[in-house]
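Residue-level structure breakdown
Listed below, chain by chain, are the residues.
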Amino acid sequence: MLFLIQSNVIYDPDRERLCDVLNELGLPYKAIDYVPGVTNIEVETTSNNVFVYGSVLMAKEAAQYKKWYPGSFYGGNHLYANHSSFYVDNMINTNVTISTINDEIDWKEGKELFIKPYQVAKLFTGRVFNQSEWEDFKYELKNNPYKNISGNELIQISMPRKIFKEARLWVIGGQIVEASYYKFSEETLFEKTVPPEGIDFAKRMIKLFEPAEAFVMDIGYTELGWKIVEINCVNSSGFYPNTNIRSIVNALNIYFKK
């Protein structure tokens, strides 16, 4: 299987790690520059057995190339509205409101809300805001010349919840092939590996619903136990320093190789 990797992704310092793993395993890959709105994905290959990895915009474009297998899984069930009905209260964010950046938010005095992008995950990093923080952030976001924000982009709003530790799980063919922590709260002791309870929770969620043949599930431990933080597209999800990229690449190649 050919791995098609976007080379001009400035926010992903681990792209070189991915290329190193592909070299070690002797798997074919091509690194290409992709400029959204300017170029299509152009690659010389006689095979349609192609997996794409890069930015959200490249993953979105690649999803149009139906002849590629597996190509890109971007879209559809990765959206909260399409998978939350299966996971229900196992999601960390319940009673979510979808609106645009320009829409007025119903704030209450002293209230804080968790706000994140709804469709374009890399638009900004979701976090907890109060009203003044959000207004300042919104102004800066809309006036950032590198973002090209119209204000009509969709955002997801919910009540904040304390997360003690968060882990990223890579799921391929219904199996968890890699699980690693990426964040701990200040009062939480470091753990090297995700405990069996977290893995068992994720397995139960996978049985409830699989958004795609390959996807990424972020889970977090809260005062109510383990919850799904979010579902991400495997074609544009970043690696963390302790992620075993080799396990992920091996699983992708074995499962999707024609």
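With that settled, the discussion passes to the state of the cysteines. Counting across every chain of the model gives 0 disulfides. Looking at the unpaired Cys19, the closest cysteine sulfur is the one in Cys233, lying at 18 Å. Cys19 gets classed as buried once you look at its relative accessible area, which sits at 5%. According to the relative accessible area criterion, Cys233 is buried, its value standing at 8%.

A regular strand places its side chains so that they alternate between the two faces of the sheet. The buried count for strand 1 (residues 2–6) comes to 5 of 5 residues, which makes it a mostly enclosed element. Neither face of strand 1 is exposed, since Leu2, Leu4 and Gln6 on one face and Phe3 and Ile5 on the opposite face are all buried. The pairing of strand 1 with strand 3 (residues 50–53) spans 4 bridges and is parallel. If you follow Phe3 over to strand 3, its bridge partner there is Phe51. Relative to strand 2 (residues 29–32), strand 1 is paired through 4 bridges, and the arrangement is parallel. The partner of Gln6 across the bridge, within strand 2, is Ile32.

As a volume, the second largest pocket reaches approximately 260 Å³. If you go around the second largest pocket, you meet 16 residues; those closest to its centre are Asn95, Thr97, Leu113, Ile157 and Ser158. Breaking the lining of the second largest pocket down by element, the ones donating at least two residues are strand 4 (97–100) and strand 7 (154–158). Classifying every residue of the lining of the second largest pocket gives 6 nonpolar, 6 polar and 4 charged.

On to the pairing of strand 10 (residues 214–222), then. Counted residue by residue, strand 10 has 8 buried out of 9 residues, so it is predominantly covered. Pairing of strand 8 (residues 163–172) with strand 10 involves 9 bridges; the strand directions are antiparallel. Each residue of the ladder has a partner; that of Val171, found in strand 10, is Phe215. In this sheet, strand 11 (residues 225–233) lies alongside strand 10 in antiparallel orientation, the contact comprising 8 bridges. Of the residues in strand 11, the one forming a bridge with Ile219 is Ile228. Linking strand 10 back to strand 11 in an antiparallel pair, the connection comprises 2 residues.

Basis of the calculations
- Residues numbered from 1 in each chain as written.
- Predicted model: local features only at pLDDT ≥ 70, side-chain atom pairs only at ≥ 80, totals over all residues.
- Heavy atoms only, no water.
- Disulfide = S-S within 2.5 Å.
- Buried < 20%, exposed > 50% of the residue type's maximum accessible area, 1.4 Å probe, protein only.
- Helix = DSSP H or I, 4+ residues; strand = E, 2+ residues; numbered from the N terminus.
- Pairing = 2+ DSSP bridges.
- 1 Å grid on protein atoms, 1.4 Å probe; cavity = no way out; pocket = protein on both sides within 12 Å on 5 of 7 lines; lining within 4 Å.
- Points joined across faces, edges and corners; volume = space filled by probe spheres on them.
- Nonpolar A, V, L, I, M, F, W, Y, C, P; charged D, E, K, R; others polar.

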